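# Coordinate inspection notes
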Amino acid sequence: MSVSDADELATATPAAAAATPVTVASKVRPGREALWFARRNRKLILGLGVVLAFLALAVAGPLVDPHGPNEYVGPPSQRPSADFWFGTTMFGQDVFAQFAHGLRATFLVGLLGGGLAALVGMVVGFTAGWRGGVVDEVLNMLTNVVLVVPTLAVLLIIATYLRVRGVVPEAVFIGLFSWPWVARAIRAQTFSLRSRDFVDLARLSGAGGARIVFREIAPNMSSYLFMTFILLFGGSVLTAATLDFIGLGPTDGMSLGLMMNNAVLWSALPLGMWWWFVPPGLGITLIVGSLYIMNVGLDEVFNPKLREL
Amino acid sequence: MRHYFQRKLGIYVLTFFVAVTVDWMIPRFMPGDPVQTMLARASLRPEASQAMQAYYTGVFGLDVPIWRQYLNFWGALLQGDLGVSIWLFPQPVTGVILRAVPYTIALLVPAILLSWWAGNKFGAFAARRRWLDNTVLPVGYVLTATPYMWLGILLAWALATVAGVFPIAGGYSFDVEPSWTPSFLADLARHWFLPFASLFLVGFGGWAIGMRNLIIYELEADYSHYLEALGAPRRLVRRYAFRNALLPQLTGLALQLGVLVAGALVTEIVFSYPGLGYLILQAINNQDFFLIQGAFLFIILGVLVANFLVDVVYVLVDPRTRVGMRGAA
């Protein structure tokens, strides 16, 4: 293996990423077998359970609790009680209502930002890996440039000058700047797959480039692609929380990062109003942590070498 | 090897070029007039506003053709001129930033190095030890999933507000004068500890997990099995595995730099620590666009330099880079 290959494969596993460098050849037979292992994998079930629970809360919360996230509904600075499950903020806003609405924003950012990043990463990675040559050189250069630029710095300067800030544009910008490691990993794997016999066979039978990529190459790393999306989802949520916390989040809505921003801004810390800043951070930690653990579980499901029997 | 560094340096120079261009472009091509936007928010008296408008139009150089503006921007930049801060008018942005940077570096560099070192050691130790592994895995994943600022908030709340062991905010107490005396340095260290600890902990979890996973992967490799079959002691095999696993972790460090810097920025905000992050917050709240643009360039420059350092270290520790880069690859 040449050094650049080792380098590239290594980038496929950032610190928090999937357990092992994915074996390219793991031929996942979709359906039965994977499902059998999936149902018996405790990490996967546990992680999925937590994420789904939060999703349910995000969907149902605002329906159960009629208050808007920024409405002044009760006495200020109340501890959690039967009336206000998570207490109230310094201005008498319902922390639970903010939390539920913030969860919605979190899932939206993760889904949209992670999805867009996965899409761009796949397009760039497959194109570079399949076409090779000059196209590869150019795309690789682009990838390397975006890779070293700190995402937050770019988002900082964009968010400062854009005046209307909603959750959707925020997610789009996050997605547009967090794809490079995906592109590198997919490019490296496409390279190693394109010289396989089954790809040659498809080419002999007259299939076009796009068809070969989507029918022959992509299915061979479908499990990896899915796991990548989960990691991107988690990453987008964390990036959005960071942006919101700096004060560059949605101006019209509510998000978990914004809740923490408000709590710190209005000195919830010295006042000891823990119910204001504990739920949003805990929510993010549990969702993202569960996604990571779910990913380890998925890795064990898809990769026979890791299965515990 | 020469080729390797040339390539890497080329990418960094190109990145810096793109970053500067973006920095120049965004205020000019975003909808609306940047000078108008800035002044509208400053809410000044009409005559003052007019004077400022004339001044800032001159600073932005909006009255010359666009290519000229771009060249002027580079010219000023290369002389270290990033404009004048609006929030701290009339201090130059470069000076304001240079005063904040040491705090950020003092926080970031020890946190990165120590968490990387300790996380790797601990992860390697925990791998394949059933009891330890079962606790390290979930704890590590939860730690990496923790938003930096939240861990900072929790530490500040628990150890400063409730326990009162550490100060809750600031770089040093208000009642001491900055000087090189032991009492001031002790005060500085006490204020430094909590932000450092929260950065360290989040990083530690990530590196420990990464190393644990890599060690397990390495122990499955042929050379490990071969060594075992030869009857090599377990410790020796693990040592070889550790050395091999360090390389991807090093690449991971380069990849994580941007995230780590972002983490440091928000941690500083939690603790009102007078570094770059706190400065950025003030700049955003005061609509100080020049300061934000300057901070953006500083962050990019810092990350690029750090990336280059990682590249150098990589060549030093991986003999294959030296051989491979001299040859065909």
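Heads up: the structure comes first, above all this text.
This write-up is about the structure you can find in this document. Keep in mind that this is a model prediction, so the values were computed, not measured.

Basis of the calculations
Residues numbered from 1 in each chain as written. Chains lettered and ligands numbered in written order. Predicted model: local features only at pLDDT ≥ 70, side-chain atom pairs only at ≥ 80, totals over all residues. Heavy atoms only, no water. Helix = DSSP H or I, 4+ residues; strand = E, 2+ residues; numbered from the N terminus. Buried < 20%, exposed > 50% of the residue type's maximum accessible area, 1.4 Å probe, protein only. Areas by Shrake-Rupley, 256 points an atom, 1.4 Å probe, with all protein chains shown as cover. Contact = heavy atoms within 4.5 Å. Buried area = accessible area lost by both parts, 1.4 Å probe. Polar contact = N/O pair within 3.5 Å; in protein donor to acceptor, adjacent residues only side chain to side chain. 1 Å grid on protein atoms, 1.4 Å probe; cavity = no way out; pocket = protein on both sides within 12 Å on 5 of 7 lines; lining within 4 Å. Points joined across faces, edges and corners; volume = space filled by probe spheres on them. Nonpolar A, V, L, I, M, F, W, Y, C, P; charged D, E, K, R; others polar. Axes fitted to C-alpha atoms, helices over the stretch in contact; angles between N-to-C directions. Parallel < 35°, antiparallel > 145°, perpendicular 65-115°, else oblique. Left-handed = near helix turned anticlockwise from the far one by under 90°. Lys, Arg positive; Asp, Glu negative; His and termini not counted. Salt bridge = Lys/Arg side-chain N within 4 Å of Asp/Glu carboxyl O. Phe/Tyr/Trp six-rings, centres within 6.5 Å; stacked < 30°, edge-to-face > 60°.

## A word on the overall build of chain A
A tally of regular secondary structure across chain A gives 14 helices and zero strands. Helices (α) and strands (β) of chain A occur, in sequence order from the N terminus, as α-α-α-α-α-α-α-α-α-α-α-α-α-α. In chain A, buried positions account for 59% of the 309 residues. In the form shown here, chain A has an accessible surface area of approximately 12,900 Å², with 66% of it arising from carbon and sulfur atoms.

## With respect to the interface of chain B and chain A
Between chain B and chain A, the residue contacts involve 64 residues of the former and 56 residues of the latter. A combined buried area of about 5,400 Å² lies between chain B and chain A, and 80% of that area is made up of carbon and sulfur atoms. Among the residues chain B hides against chain A, the three largest losses belong to Tyr141, Trp150 and Leu255 of chain B. Together they make up 12% of the total. Between chain B and chain A we count three residue pairs in polar contact (both at pLDDT 80 or more) in total.

## Observations regarding empty space enclosed by the protein
In the structure shown here, the tally under the stated rule is 10 cavities of 30 Å³ or more. Its volume calculated, the largest cavity comes out at about 940 Å³. Every residue lining the largest cavity is counted, 43 residues in all, and those nearest its centre are Gly235 and Thr239 of chain A together with Leu255, Gln256 and Val259 of chain B. Elements represented by at least two residues in the lining of the largest cavity include exactly α5 (133-148), α6 (151-161), α7 (167-177), α8 (180-193) and α11 (222-246) of chain A together with α8 (182-219), α10 (234-270) and α12 (289-317) of chain B. For the lining of the largest cavity, the leading source of residues is α10 of chain B, giving nine residues. A class-by-class count of the residues in the lining of the largest cavity yields 29 nonpolar, 14 polar and no charged. Taken as a whole, the second largest cavity holds about 110 Å³ of empty space. What lines the second largest cavity is a set of 13 residues, and nearest its centre among them are Ala159, Arg165, Pro169, Glu170 and Phe173 of chain A. Put simply, the parts of the chain that give the lining of the second largest cavity at least two residues each are α6 and α7 of chain A.

## Let's talk about the packing of helix α9 (residues 222-229) of chain B against α10 of chain B
Residue and element names in this part refer to chain B. One can describe the packing of α9 onto α10 by two numbers: an axis separation of 10 Å at closest approach and a directional angle of 165 degrees. For the element pair α9 / α10, the angle class is roughly antiparallel. Between α9 and α10 lies a crossing whose hand is right-handed. Along its contact with α9, which presents Tyr223, Ser224, Leu227 and Glu228, the element α10 presents Val237, Tyr240, Ala241 and Asn244. Across the contact of α9 with α10, the residue classes tally to five nonpolar, two polar and one charged.

## Some remarks on unusual backbone geometry
Here the phi dihedral of serine 267 of chain A falls at roughly 45 degrees; this positive angle occurs in a residue that is not glycine. Although it is not a glycine, serine 272 of chain B adopts a positive phi angle of roughly 45 degrees. Looking at where serine 272 of chain B falls in the secondary structure, it is placed in the loop between α10 and α11 (276-285). Classification of serine 272 of chain B as partly exposed rests on a relative accessible area of 26%.

## Section: the side chain of glutamate 268 of chain B
Residues and elements named next belong to chain B. When you line up the elements, glutamate 268 lands in helix α10. Nearest to the buried, unbridged glutamate 268 among oppositely charged side chains is arginine 99, at 14 Å. There is a polar contact of 2.8 Å between the side chain of glutamate 268 and the side chain of threonine 104. Polar contacts involving the side chain of glutamate 268 include one to the main-chain amide nitrogen of glycine 277, which spans 2.6 Å. Beyond its immediate chain neighbours, meaning those up to four positions away, glutamate 268 contacts Thr104, Leu107, Tyr273, Gly275, Leu276, Gly277 and Tyr278.

## Focus: the packing of aromatic side chains
All names here are of chain B. By the definition in use, this model includes 20 aromatic pairs over all chains. Ring geometry for phenylalanine 16 against tryptophan 74: centres 6.3 Å apart, planes inclined by 75 degrees, an arrangement best described as edge-to-face. Taken as a pair, phenylalanine 16 in helix α1 (residues 2-29) and tryptophan 74 in helix α4 (residues 66-78) lie far apart in primary sequence, 58 residues in all. A relative accessible area of 16% means that tryptophan 74 is categorised as buried. Taken together, the aromatic side chains of Phe122, Phe166, Trp192, Phe193, Phe196, Phe200 and Phe204 make up a single cluster linked through ring pairs.

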